[in-house]
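Commentary on secondary and tertiary structure
Residue-level listing of the chains:
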Amino acid sequence: MNEIGNIVILTGAGISAESGLRTFRAEDGLWEDHPVEQVATPQGFAHDPGLVQRFYDERRANVRGASPNAAHLALGRLDAQWKGELLIVTQNIDDLHERGGAARVLHMHGEALSVWCVACDARHHWTGTLSDGPPCPACGQVAMRPDIVWFGEMPYRMEEIFAAIARADLFVSIGTSGAVYPAAGFVQQASASGARTLELNLEESLGSRLFDETRLGMASELVPAWVDQLLGAPLP
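Residues numbered from 1 in each chain as written. Predicted model: local features only at pLDDT ≥ 70, side-chain atom pairs only at ≥ 80, totals over all residues. Heavy atoms only, no water.

If you check an unreviewed UniProt entry, the protein appears there as NAD-dependent protein deacylase from Alteraurantiacibacter aestuarii. The heading Sequence similarities (unreviewed entry) in the UniProt record of the protein holds the text "Belongs to the sirtuin family. Class III subfamily." Regarding the protein, the relevant UniProt record gives this comment under Subcellular location (unreviewed entry): "Cytoplasm". (UniProt positions renumbered as here; feature names shortened; annotations may be inferred.)

**A look at the environment of Glu153**
The residue Glu153 is located in the loop between strand 8 (144–148) and helix 7 (158–167) in this model. For Glu153, a relative accessible area of 26% corresponds to the partly exposed category. Considered as a pair, Glu153 and Thr41 are 112 residues apart in the sequence and their alpha carbons are 8.2 Å apart. If near-sequence neighbours (up to four positions away) are discounted, Glu153 is found in contact with Pro42, Arg145 and Ile148. Within the structure, Glu153 has its side chain in polar contact with the side chain of Arg145 (distance 2.9 Å). Engagement of the side chain of Glu153 in a polar contact is seen with the backbone nitrogen of Trp150, the distance being 2.8 Å. (Helix = DSSP H or I, 4+ residues; strand = E, 2+ residues; numbered from the N terminus. Buried < 20%, exposed > 50% of the residue type's maximum accessible area, 1.4 Å probe, protein only. Contact = heavy atoms within 4.5 Å. Polar contact = N/O pair within 3.5 Å; in protein donor to acceptor, adjacent residues only side chain to side chain.)

**Notes on the sheet that holds strand 7 (residues 123–125)**
Paired through their backbone hydrogen bonds, the strands of a sheet run either parallel or antiparallel. In spatial order, the strands read 7-6-8; together these 3 strands make up an open sheet with antiparallel pairing. A single partner strand is all that each edge strand has here, and the edge strands are strand 7 and strand 8. Geometrically, the sheet is characterised by an average inter-axis angle of 40° between neighbouring strands, direction not taken into account. Judged from the 3 bridges that link them, strand 6 (residues 110–117) and strand 7 form a sheet pairing that is antiparallel. In the strand pairing of strand 7, Trp116 is matched with Arg123. Against the sheet, helix 4 (residues 49–65) touches strand 6 and strand 8, its axis set at about 140° to strand 6. (Pairing = 2+ DSSP bridges. Axes fitted to C-alpha atoms, helices over the stretch in contact; angles between N-to-C directions.)

**Let's talk about the UniProt feature "active site" (unreviewed entry) in the protein**
Within this structure's numbering, the places UniProt gives as "active site" (unreviewed entry) are His109. Mapped onto the elements, His109 comes out in the loop between strand 5 (105–107) and strand 6.

**Some points on the nonpolar core**
Among the nonpolar cores identified, the biggest contains 24 residues, and Ile9, Leu75, Leu78, Val223 and Trp226 are the most heavily contacted of them. Residue assignment for this core shows that the elements contributing at least two residues are strand 1 (7–11), helix 5 (70–81), strand 4 (86–90), strand 9 (170–174), strand 10 (196–201) and helix 9 (219–231). Top contributing element to this core by residue count: helix 9, with 6 residues. Of all hydrophobic cores here, the second largest spans 18 residues; its members include Ile161, Ala164, Ala183 and Phe211. (Core = buried A, V, L, I, M, F, W, Y, C linked by side-chain atoms within 4.5 Å.)

**Remarks on the sheet that holds strand 11 (residues 213–216)**
Strand order in the open sheet formed by 6 strands is 5-4-1-9-10-11, with parallel pairing between adjacent strands. Each edge of the sheet is formed by a strand with only one pairing partner; in this case those strands are strand 5 and strand 11. Strand-to-strand, the axes of this sheet are offset by a mean angle of 15°, without reference to chain direction. As defined by bridge partners, strand 9 adjoins strand 10 across 5 bridges and the pair is classed as parallel.

**Things to note about helix 5**
Across its 12 residues, helix 5 extends 16 Å between first and last C-alpha, which sits within 8% of the 16 Å expected from 1.5 Å per residue. Of the positions making up helix 5, those classed as buried are Ala71, His72, Ala74, Leu75, Gly76, Leu78 and Asp79. Packing partners of the buried residues in helix 5 comprise strand 1, helix 1 (14–17), strand 4, helix 6 (96–99), strand 9 and helix 9. The backbone nitrogen of Ala71 has a side-chain oxygen 2.8 Å away, supplied by the residue at the start of helix 5, namely Asn69. (Expected span 1.5 Å × (residues − 1).)

**What to know about the pairing of strand 10**
Among the 6 residues of strand 10, 5 are classified as buried, and the element is accordingly described as predominantly covered. For the crossover from strand 9 across helix 8 (residues 186–192) to strand 10, the handedness is right-handed. Relative to strand 11, strand 10 runs parallel, the two being bridged by 4 bridges. Among the inter-strand pairings, Leu198 is bridged to a residue of strand 11, identified as Glu213. (Right-handed = clockwise from strand over helix to strand, strands pointing away.)

**A closer look at the side chain of His72**
As for its position among the elements, His72 is in helix 5. Look at His72 and you get buried, because its relative accessible area is 0%. Apart from the residues within four sequence positions on either side, His72 is in contact with Ile15, Ser16, Ser19, Leu96, His97 and Gly100.

Next comes the structure, spelled out in structure tokens:
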């Protein structure tokens with residue numbers, strides 16, 4: 001695979017499921033037993049901010065209690081050894097990529113361990129609670145919310161993502177449903193730019209037919225094997 005220089009990897013909830021973090025979009029439309037409209041929209045936050053703050057306090061605690069699995073560690077190894085451009089675009093709000101050793105990571109849907117002050121626009125690393133209304137460390141106002149992109153809001157750093165995809169020789173999707181846009185459309189942009197496309201997923205996604213190749217199985221098995229192949233590791 002010497003012809004591959006630049007890689008963009010999109011990861012979804014499936015890569016963190018084996019670390020004990022439930023996927024965002026369940027078949028019953030619930031996220032952690034709540035309707036997504038209640039806990040993942042600006043309207044839900046305006047209607048019941050206390051509920052939403054408590055919900056993300058729990059997500060924050062869950063993320064801190066989870067550990068990176070073999071798939072995260074493999075991508076960390078790839079990040080350390082890959083000499084070309086590499087961007088891991090994750091839809092996940094956990095920090096398991098970073099704790100797995102990856103540095104070239106972009107969280108397009110925000111981060112559980114970050115809070116955003118809507119009064120002064122400051123963002124802060126945060127591991128505690130927001131339910132008790134702590135003041136913003138920057139401005140002192142009680143105006144902090146989870147730094148999460150909710151439904152109806154624009155994902156972060158989209159221009160940077162599109163530019164990386166346009167330069168990519170290989171686009172890889174790992175553990176995604178292919179149901180949530182704009183991420184679900186990345187494979188089409190990558191193909192239009194001439195990149196090879198690969199899907200690694202537990203089962204076929206809604207967009208599997210758009211990829212040059214799909215490999216099915218557990219992320220903790222597929223991703224390390226693919227990284228070994230990409231880095232030229234000798235087969236056992």
